[in-house]
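Listed below are the residues making up each chain.
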Amino acid sequence: MAAKLQPEVVLDPDELNETDESILDELVEGRVTPQYLADQLNISRPYASEKLKRFVEHRHVEKLASGLYELRDDPRNEG
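Residues numbered from 1 in each chain as written. Predicted model: local features only at pLDDT ≥ 70, side-chain atom pairs only at ≥ 80, totals over all residues. Heavy atoms only, no water.

### Things to note about unusual backbone geometry
Applicable threshold: To qualify as a helix, a DSSP run of H or I must reach at least 4 residues; to qualify as a strand, a run of E must reach at least 2; elements of each kind are numbered from the N terminus.
In this structure, N42 takes a positive phi of about 55° despite not being glycine. Relative to the elements of secondary structure, N42 occurs in the loop between α2 (34-41) and α3 (45-57). The residue R59 is not glycine, and still its phi comes out positive at about 65°. Tracing the sequence through the fold places R59 in the loop between α3 and β1 (61-65).

Below, the structure written as structure tokens:
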């Protein structure tokens with residue numbers, strides 16, 4: 001049985017693009033929804049959702065409820 005590949009637990013700050021940085025800035029201020037990020041950052045809601053999903057997979061963001069996210073660990077503060 002093949003082992004299931006898991007993503008890196010943390011993202012390296014060099015892996016973050018400008019949108020990632022903006023999303024993290026919003027999360028530092030408090031909880032967000034994909035629609036809130038879309039409105040604040042002028043990005044699509046599906047794109048915001050995908051970015052949040054990536055942060056959840058890497059354990060930087062926690063999904064508190066359907067559509068509600070909170071920062072757990074800012075990857076820019078690693079190391």
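### A few points about the pattern of salt bridges
Counted only if it meets this: For this analysis, a salt bridge means a side-chain nitrogen from Lys or Arg found within 4 Å of a carboxyl oxygen belonging to Asp or Glu.
Tallied over the full model, the rule gives six salt bridges. Ionic pairing is found between R54 and D20, a salt bridge with its closest N-O pair at 3.4 Å. With R54 in helix α3 and D20 in helix α1 (residues 18-29), this pair connects stretches of sequence that are 34 residues apart. The partner of E70 in a salt bridge is R31, with the nearest N and O atoms 2.9 Å apart. Of this pair, E70 sits in strand β2 (residues 68-71) while R31 sits in the loop between α1 and α2, placing them 39 residues apart in sequence. Here the residues in one salt-bridge network are E21, D25, D74 and R76, joined through shared partners.

### A word on α3
Basically, it comes down to this: Helix span, expected: 1.5 Å multiplied by one less than the number of residues in the helix. Buried means the residue's accessible area, taken with a 1.4 Å probe over protein chains only, is under 20% of the maximum for its type, while exposed means over 50%, and partly exposed covers the values in between. Directions pointing from the helix axis toward each C-beta atom define the arc. The term polar contact refers here to a pair of N or O atoms within 3.5 Å; inside protein, the definition further demands a hydrogen-donor-capable atom paired with an acceptor-capable atom, and it admits residues adjacent in sequence only when both atoms are side-chain atoms.
With 13 residues, α3 extends 18 Å between its outermost C-alpha atoms, agreeing within 8% with the 18 Å of an ideal straight helix rising 1.5 Å per residue. Looking only at α3, the buried set comprises A48, S49, K51, L52 and F55. Projected down its long axis, α3 shows its buried positions confined to an angular sector of 165°, all on one face. The backbone nitrogen of Y47 has a side-chain oxygen 3.1 Å away, supplied by the residue at the start of α3, namely S44. Of the residues trailing α3, R59 is marked for its positive phi of about 65°.

### A look at α2
Each full turn of the α-helix corresponds to 3.6 residues, which orients residues three or four apart in the same direction. Cut-off, in case you're wondering: Here, residues are in contact when the closest pair of their heavy atoms is within 4.5 Å.
Those residues of α2 that fall on the buried side of the exposure criterion are P34, L37 and A38. Projected onto a plane normal to the axis of α2, the buried residues spread over an arc of 100° and lie on a single side. Summarising the contacts, the buried residues of α2 are in contact with α1, α3 and β2. Downstream of α2 by a residue or two, N42 has a phi angle that is positive, lying close to 55°.

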